[in-house]
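The chain contents come next:
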Amino acid sequence: MIRSVSFEPRDPAALSCTDVARSPRKTRSAGARRARVGSVLLACLGASFVAAPPRAAQAQSASVPDPAAAALFQAGRDLLDRGNWKEGCAKFEASMILYPAASTLLNIARCYEHEGKLALAWSAYQRAIVLNRETQGEERKRALEDVAQKGLAKIEPRLPRIKIAINGSAPPGLRVTHNGKDVPIALLGTVIPVDPGQQSISADAPGYEPFTQTVEVAEGKVLDVVIALRTDEEAAGGRRIPIWAWAAGGAGVALLAGAAAFRIDQAYIEGKQSGICDGDVQKNCPPLAFYDPAPDNTRKNRSNALFIGLGIGGVAALSAAVVGFVTAPKTGASRTAKLTTWPWVGPDGAGAGIGGRF
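Residues numbered from 1 in each chain as written. Predicted model: local features only at pLDDT ≥ 70, side-chain atom pairs only at ≥ 80, totals over all residues. Heavy atoms only, no water.

Engineer: Break down the UniProt feature "transmembrane region" (unreviewed entry) in the protein for me, citing the residues and quoting the values.
Structural biologist: This chain's UniProt record puts "transmembrane region" (unreviewed entry) on residues 243-264 and 305-328. Counted over residues 243-264, helix gives 100% and strand 0%. Its end C-alpha atoms are 32 Å apart. Secondary structure content for residues 305-328 is 92% helix and 0% strand, while the C-alpha to C-alpha distance between its ends is 35 Å. (UniProt positions renumbered as here; feature names shortened; annotations may be inferred. Helix = DSSP H or I, 4+ residues; strand = E, 2+ residues; numbered from the N terminus.)

Okay, here's the thing in structure tokens:
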């Protein structure tokens, strides 16, 4: 279980670890009282949670904590004593807003560490070290520094990091985001700490295809993410395919689908007649009163003619599309064309439909 350290308030003479708060001080000399402060500080270093009320941003004296901040601080300690990290950490954060103190920030760092937010915990420890420079009392200042350094030393081996870089030079108008937040261009190529888990990196610039990549970063690992932007021309294969080529290709597919449908219909009629006429329509068909092959012959011949005609048209259209793709100019980006084709077969014929959006 993550635990933190107890400290006295900012003014060593106002030490408020539980034992000190209850011990009489009127009978002690100034020297004895200072000795008592030093001994209790060492005792407090072994306690469970931070016992120091935070510093007040708007207090009348720099060494007197804001009453509301002190109440929030104490409430946070009580909640953590009962294992209620969520509400206890919220109390510490509210106390920090009213009265920024290194001891409060150390507790917040412990909260982040408990939640697995290693990057935030690392940052809070670093900030606590800076904030501790304003702490009064050299002994207390050294004790807080020691706790922060130990917290950093514990997190450092576990801290995941990523380095976001761009392949080549950054184009004008480049925008990079990390988990939805903008990344300054100056930060590219710098190793930054992150929390474990998924990290989403996106980039875009005018004239370039958007880049998006999601990576999983494990504890203690450093992951490189290289942004490889492609121009619109590169994304389109370096060619601008004309719309007519897309249309010809779609028409060719539709025509061939229709040809296949008519060939199926022709084969169906041929099979039907073969069964009725015992394989020979000219000689073995039953009398006309029982079966007249003329309508089926007409349908069969029509399907055969359409199969041939649509097949030739489909091949020609596809050939034209191939020419359009091959001879497309190499400037600009291609427009996207979406074509939809569908064959249909009815009782009296078959064909194919084509539709699309350019």
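Engineer: Which residues make up the packing of helix α4 (residues 85-98) against helix α5 (residues 102-115), and what values go with them?
Structural biologist: The interhelical angle for the contact between α4 and α5, taken along N-to-C directions, is 145°, at an axis separation of 9 Å. Our pair here, α4 against α5, has a crossing hand that is left-handed. For the pair α4 and α5, the contacting residues are W85, C89, F92, E93, S95 and M96 in the first and T104, L105, N107, I108, R110, C111, Y112 and H114 in the second. Residues of the contact of α4 with α5, tallied by class, amount to 8 nonpolar, 4 polar and 2 charged. (Axes fitted to C-alpha atoms, helices over the stretch in contact; angles between N-to-C directions. Left-handed = near helix turned anticlockwise from the far one by under 90°. Contact = heavy atoms within 4.5 Å. Nonpolar A, V, L, I, M, F, W, Y, C, P; charged D, E, K, R; others polar.)

Engineer: Describe the state of the cysteines, listing the residues and the values that go with them.
Structural biologist: For the coordinates displayed, the defined rule picks out 1 disulfide. At a sulfur-sulfur separation of 2.0 Å, the disulfide partner of C89 is C111. Classification of the bridge connecting C89 and C111 rests on its S-S torsion, roughly -95°, and on that basis the disulfide is left-handed. One end of the pair, C89, is in helix α4; the other, C111, is in helix α5, with 22 residues separating them in the sequence. This pair shows no difference in class: C89 is buried, exactly as C111 is. (Disulfide = S-S within 2.5 Å. Buried < 20%, exposed > 50% of the residue type's maximum accessible area, 1.4 Å probe, protein only.)

Engineer: Residues and numbers for the packing of helix α6 (residues 118-131) against helix α7 (residues 138-155), please.
Structural biologist: One can describe the packing of α6 onto α7 by two numbers: an axis separation of 9 Å at closest approach and a directional angle of 155°. Relative to α7, the element α6 is oriented roughly antiparallel. Here α6 runs over α7; the crossing is left-handed. Two secondary-structure elements touch here, α6 through L118, A121, W122, Y125, Q126 and I129 and α7 through E145, V147, A148, Q149, G151, L152 and I155. Of the residues assigned to the contact of α6 with α7, the class counts are 9 nonpolar, 3 polar and 1 charged. (Parallel < 35°, antiparallel > 145°, perpendicular 65-115°, else oblique.)

Engineer: Any chance you could break down the pattern of salt bridges for me, citing the residues and the numbers?
Structural biologist: Side chains carrying opposite charge are able to pair once their charged atoms draw close together. Applying the stated criterion to the full structure yields 11 salt bridges. A salt bridge links E113 to R110; its shortest N-O distance comes to 3.8 Å. With E113 and R110 both in helix α5, this residue pair falls 3 residues apart, about one helical turn. Comparing E113 with R110, the two get one shared label, buried. (Salt bridge = Lys/Arg side-chain N within 4 Å of Asp/Glu carboxyl O.)

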